[in-house]
2 protein chains.
Amino acid sequence: MNAPTPAAHLAPEIAQRAVPEAFVTALKARFGNNCSTALVIREQHGRDESAFTHVPPPAAVVFAENTQDVADAVKLCAEHKVPVIPFGVGSSLEGHLLAVQGGISIDLTRMNKVLSINAEDLTVTVQPGVTRKQLNDEIKSTGLFFPIDPGADATIGGMSATRASGTNAVRYGTMRENVLALEVVTSSGEVIRTGTRAKKSSAGYDLTRLMVGSEGTLGVMTEITVRLYPLPEAISAAICSFPSIEAAVHTVIQTIQLGVPIARVELIDHNTVRMVNAYAKLGLREEPMLLMEFHGSPAGVKEQAETVQEIASEFGGNAFEWAVTPEERTRLWTARHNAYFAAIQSKPGCRAISTDTCVPISRLADCLLDSITETDASGIPYFLVGHVGDGNFHFGYLIDPNNPQECETAEALNQQLVSRALRLGGTCTGEHGIGLHKMDFLRTETGEGAVDMMRTIKRALDPHNIMNPGKIFSM
Amino acid sequence: MNAPTPAAHLAPEIAQRAVPEAFVTALKARFGNNCSTALVIREQHGRDESAFTHVPPPAAVVFAENTQDVADAVKLCAEHKVPVIPFGVGSSLEGHLLAVQGGISIDLTRMNKVLSINAEDLTVTVQPGVTRKQLNDEIKSTGLFFPIDPGADATIGGMSATRASGTNAVRYGTMRENVLALEVVTSSGEVIRTGTRAKKSSAGYDLTRLMVGSEGTLGVMTEITVRLYPLPEAISAAICSFPSIEAAVHTVIQTIQLGVPIARVELIDHNTVRMVNAYAKLGLREEPMLLMEFHGSPAGVKEQAETVQEIASEFGGNAFEWAVTPEERTRLWTARHNAYFAAIQSKPGCRAISTDTCVPISRLADCLLDSITETDASGIPYFLVGHVGDGNFHFGYLIDPNNPQECETAEALNQQLVSRALRLGGTCTGEHGIGLHKMDFLRTETGEGAVDMMRTIKRALDPHNIMNPGKIFSM
């Protein structure tokens, strides 16, 4: 991080509150070696994958080992009115983890136990520090899997806090649909439970879904119950190259409109295919492509694939190339997930500013094509990938953080893109969250009335504004 | 309603607030003929399908024709601190519509326009007074349908307010999963918007899902955007009779655990089959039965049905009897939906007290079988139906409302059932809501901490407690 003059929008408003000496003393007395004030530890917890720079790290890091630890840490914070930021693996793209108002970080990675696997009910209860890959490893023998896949090997806690989704969401939904129940430490350090393991309920306010996506601003999740799914009897993955982005996108739109239960359908533009080829030594055809996966019975998978091949052919798509074995599939999806790193490597020293708009499926072509034209005209290099079955895609603008001009251009492109998505009935963030960067966009998207209602809820549930303050909206 | 001495639990706490004369005058001045104080109109709006008796009707009924009407009515209520109860078709089973604290009813049935059909995006935006059957009629030409089906031809507003579900929820989810966006009049009469038409979003607090299921206590929904689904290429419905409830339930459990995407799977016990036969002149075999529907491609539907038939056979189920034509299917599902009326007719003058527990699927047999034994032993006649694919089922205890002993017995049975469901990790209400009757159950289910959080939110968003007060929890 050596940008001396970052663009204004990458330097968030910093208003650090005092951290009383008595608080640090009490914290150390309670947590001993599980509380660190070493600079290197604090710096590790003072950054994430966002492009934000120049935020001082938290004053201390508490390594929580159980719910009581979290409750006690939050109680001390409440007593001394010190901000508290839950921390998983640090894969946020929106500055969620930055201590813009000071305070402490609670590292939840030691709370990484799978607490109970209820295979017969297709549910599992985990601590927040369990990562999605760890979870899938630990339930392997059950024949079930947890589908939500945001790319990074994020924690279930972090994924819940940002309402994450990813490549499988088109079929299996997002964290919104897949979190059933929570244990939460509130801003006063009280432990509450929301939801049950029943698949549905009409029992009062949906506190579970209020917490999911609240970005740590209403409480710290300490147990999370999520839905699991039977591993499909058959899985097949295919690549299809297209003469144009437009042809690929129209194939997706028609597939969704026909109700084909496709499990994954990812768009990668020709430019990004080239980067991935260079990075992963693949020989993919350097044209816009869809990377698809079909889940179901053998006959069902075959039927879905035939339907989509037929649609693709109508739009000039090539014959599907199949990845049949698990190894081939893993290689393909790893290539997809490495698009980010491939892109970063294509411009040494760059940082990627990732967009995250999501629009109703019928508007996907309009939104995407105009934005590509605009971005091409800007001269900023970029990668482009998308969970297009949901209408969600990401440009990654590759900027030199030392070049304010590039930062400004990227920001202008993002603003134009978000405005377009909102005009088309979409959202500024499909899955990354608001964090620091999209607060203005949120106001435009949902209106002052709704943001005021969010503020009112925040004020009621966190009267001292200690839970990850300065994120989602200003108070 | 002629019960002179209802059981205590059917006589809710009534604490009617004063309705100032100046308020009624202002209301009449603003709404003219669209505001009625006629007793017959008020009485129509002072009851629902619950077993509650003896609640005085609201002081006035406003027939709202648009969002501005709702906003103006709520503003007047806010000014004079008068309670306001949104009213659809009055099909609540839990006393949601009763004016236990006085105030006015806002009848939303004139707000019954389908505002925009976005067939390409599989979404539709409606006013709250549109009923589910009307909606499906109006979108018939699009090849899409709205699957949520709570039995009654309820309004989309009422269904959203109670987080309704019904027979198709096992495949298509509940109102929780299917409401995308809302326009809401808040307790101050302000109009806000939540959500967008994008399929997913991480944009701030999930106000949409906070409103869904809030039973009118946080605001009045004035526009609702819901998801639609392509009409399946093939639909087939089948009946399967079983030697015992246990066999039927285990068939369901295994079907769900295998991930068969069954669209509907309803349990009807032998006793209820007998009632339905008598009511609808059907010749169904008077044994426990599953009523199933399969949606998909012709091959997919065949494959699903074969899998389930195989499971059923293992548990001693008979060969499926098929309803192939739309007319045969409609006849079957009408019989299912008429179970309530068939049961009521079997005991003249009775009322049905409906239970609504929902448990994790693996506990369904335990929960159901013990409850049947208990209910049989009580001597109270009952019907038993269930959306068993979701672990949700309903006993309907058929009681003479003039017989306090029967009321007490039914209440005791319900309490035992709910306690059992909660012990098994379930919920006291799968789809009917809390309303008046289940407030104690909610506290037991979710704990005081979560109910306190609900109260805190309610207090923050409705400081004068005018939005359908006295429901879900006491303040």
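Computed from a prediction, not measured in an experiment: that's the story for all the values here. (Residues numbered from 1 in each chain as written. Chains lettered and ligands numbered in written order. Predicted model: local features only at pLDDT ≥ 70, side-chain atom pairs only at ≥ 80, totals over all residues. Heavy atoms only, no water.)

1. Focus: helix 3 (residues 67-80) of chain B
Given 3.6 residues per helical turn, the α-helix brings residues three or four places apart onto the same face. Residues and elements named next belong to chain B. Rules: Secondary structure elements are defined from DSSP: runs of H or I of at least 4 residues count as helices, runs of E of at least 2 residues count as strands, and each element is numbered from the N terminus. In a helix, the anticipated span is given by 1.5 Å times the number of residues less one. Each residue gets one of three labels from its accessible area relative to the maximum for its type: buried under 20%, exposed over 50%, partly exposed in between, using a 1.4 Å probe on protein chains only. For the purposes of these results, a polar contact is taken to be a pair of N or O atoms within 3.5 Å, where, inside protein, one atom must be able to donate a hydrogen and its partner to accept one; residues adjacent in sequence count only when each atom of the pair is a side-chain atom.
Spanning 14 residues, helix 3 covers 20 Å between terminal C-alpha atoms, matching the ideal 20 Å at 1.5 Å per step. Here helix 3 lies mainly inside the structure; 10 of its 14 residues are buried. Those residues of helix 3 lying buried are Thr67, Asp69, Val70, Ala71, Asp72, Ala73, Val74, Leu76, Cys77 and Ala78. One side-chain oxygen at the N-terminal end of helix 3 lies 3.2 Å from the backbone nitrogen of Gln68; it belongs to Asn66. Immediately downstream of helix 3, the backbone of Lys81 shows phi near 55°, a positive value.

2. Quick word on the UniProt feature "domain: FAD-binding PCMH-type" (unreviewed entry) in chain A
Keep this limit in mind: UniProt positions are given in the numbering used here, feature names are shortened, and annotations may be inferred rather than shown by experiment.
Those places that UniProt annotates as "domain: FAD-binding PCMH-type" (unreviewed entry) correspond, in this numbering, to residues 54-231 of chain A. Here residues 54-231 of chain A is 22% helix and 25% strand, with 45 Å between the C-alpha atoms at its ends.

3. A closer look at the interface of chain A and chain B
Stated precisely, the cut-off is as follows: For this analysis, residues touch if any pair of their heavy atoms sits within 4.5 Å. Two parts placed together each lose some accessible area; with a 1.4 Å probe, that loss summed over both constitutes the buried area. Salt bridge, as used here: a side-chain nitrogen of Lys or Arg that lies within 4 Å of a carboxyl oxygen of Asp or Glu. Three classes are used, and their members are as follows: Ala, Val, Leu, Ile, Met, Phe, Trp, Tyr, Cys and Pro are nonpolar, Asp, Glu, Lys and Arg are charged, and the others, Gly among them, are polar.
Each partner contributes residues to the interface: chain A has 79 residues there, and chain B has 79 residues. Between chain A and chain B, roughly 6,200 Å² of surface is buried when both sides are summed, and carbon and sulfur atoms account for 58% of that area. Here Glu431(A) ties to Lys200(B) by a salt bridge, and the two come within 3.1 Å at their closest N and O atoms. When contributions to the side of chain A that touches chain B are tallied by element, the ones reaching two or more residues are helix 6 (169-172), helix 7 (175-178), strand 9 (191-194), helix 8 (207-211), helix 9 (245-257), helix 11 (298-314) and helix 16 (439-461) of chain A. Counting residues per element, the side of chain A that touches chain B draws most heavily on helix 16 of chain A, which supplies 12 residues. Grouping the constituent residues of the side of chain A that touches chain B by class yields 30 nonpolar, 30 polar and 19 charged.

4. Side note on the sheet that holds strand 2 (residues 60-63) of chain A
All names here are of chain A. To keep things clear, this is the line we draw: Here, any two strands with at least 2 DSSP bridges between them count as paired. Comment: axis = line fitted to C-alpha atoms, over the contacting stretch for helices; angle = value between 0 and 180 degrees taken between N-to-C directions.
Read across the open sheet, the four strands follow the order 1-2-4-3; overall the sheet is mixed. The open sheet has two free edges, formed respectively by strand 1 (35-36) and strand 3 (84-87), since each of these has just one partner strand. Across two bridges, strand 1 lies against strand 2 in antiparallel orientation. Note that in strand 2 the partner of Cys35 across the bridge is Val62. Against the sheet, helix 3 (residues 67-80) makes contact with strand 2, strand 3 and strand 4 (104-107), and its axis sits at roughly 175° relative to strand 4, the strand it touches most.

5. Observations regarding the sheet that holds strand 8 (residues 179-185) of chain B
Residue and element names in this part refer to chain B. Reading across the sheet, the five strands line up as 5-6-10-8-9 and stay open at both edges, with antiparallel pairing between neighbours. Looking at which strands have only one partner, the edges of the open sheet turn out to be strand 5 (114-118) and strand 9 (191-194). Averaged over neighbouring strand pairs, the angle between their axes works out to 10° when direction is ignored. Across the sheet, helix 3 touches strand 8, strand 9 and strand 10 (220-227), and the angle it forms with strand 8 is around 50°.

6. Section: the packing of aromatic side chains
Cut-off, in case you're wondering: Side-chain rings of Phe, Tyr and Trp, where Trp is taken by its six-membered ring, are said to pair if the distance between their centres is within 6.5 Å; with planes under 30 degrees apart they count as stacked, over 60 as edge-to-face, and otherwise as tilted.
For the structure on display, the rule yields 20 aromatic pairs over all chains. Taken together, a centroid distance of 5.5 Å and an interplanar angle of 85° make the contact between Phe145(B) and Tyr172(B) edge-to-face. Linking Phe145(B) in strand 7 (residues 144-145) with Tyr172(B) in helix 6 (residues 169-172), this pair joins segments that are 27 residues apart in sequence. Judged by relative accessible area, Tyr172(B) falls into the buried class, the value being 9%. Ring geometry for Phe395(B) against Tyr397(B): centres 5.9 Å apart, planes inclined by 15°, an arrangement best described as stacked. We classify Phe395(B) as buried; its relative accessible area is 0%. Pairwise contacts between aromatic rings join Tyr382(A), Phe393(A), Phe395(A) and Tyr397(A) into one cluster.

7. Quick word on the domain arrangement of chain A
All names here are of chain A. Cut-off, in case you're wondering: Domain ranges listed in this record stem from an automatic or a database domain assignment.
Entries for chain A in the domain assignment read domain 1 (8-107), domain 2 (114-230) and domain 3 (234-423). Taking the mean C-alpha position of each, domain 1 and domain 3 sit 36 Å from one another. Taken together, the seven residues of domain 1 in the interface contact eight residues of domain 3. Summing both partners gives a buried area of about 620 Å² for domain 1 against domain 3, and 54% of it is carried by carbon and sulfur. At the surface where domain 1 touches domain 3, the tally comes to zero salt bridges. Counting every contact that joins domain 1 to domain 3 gives one residue pair in polar contact (both at pLDDT 80 or more).

8. Re the relation of the copies chain A and chain B
Test applied: Superposition of the copies was done by least squares, using only C-alpha atoms of residues whose pLDDT is at least 70 in both.
Placing chain A over chain B gives an RMSD of 0.0 Å and needs a rotation angle of 180°, together with 0.0 Å of translation along the axis. A rotation of that kind, with that shift, is consistent with a two-fold axis. Taken together, the interface assignments show that 100% of the residues at the interface of chain A recur at the interface of chain B, consistent with an identical surface on both copies.

9. Section: the environment of Gly166(B)
Tracing the chain through its elements places Gly166(B) in the loop between helix 5 (156-162) and helix 6. Take Gly166(B): its relative accessible area is 1%, and that puts it in the buried class. Apart from residues lying up to four places away in sequence, Gly166(B) is in contact with Lys200(A), Asp149(B), Pro150(B), His387(B) and Glu431(B).

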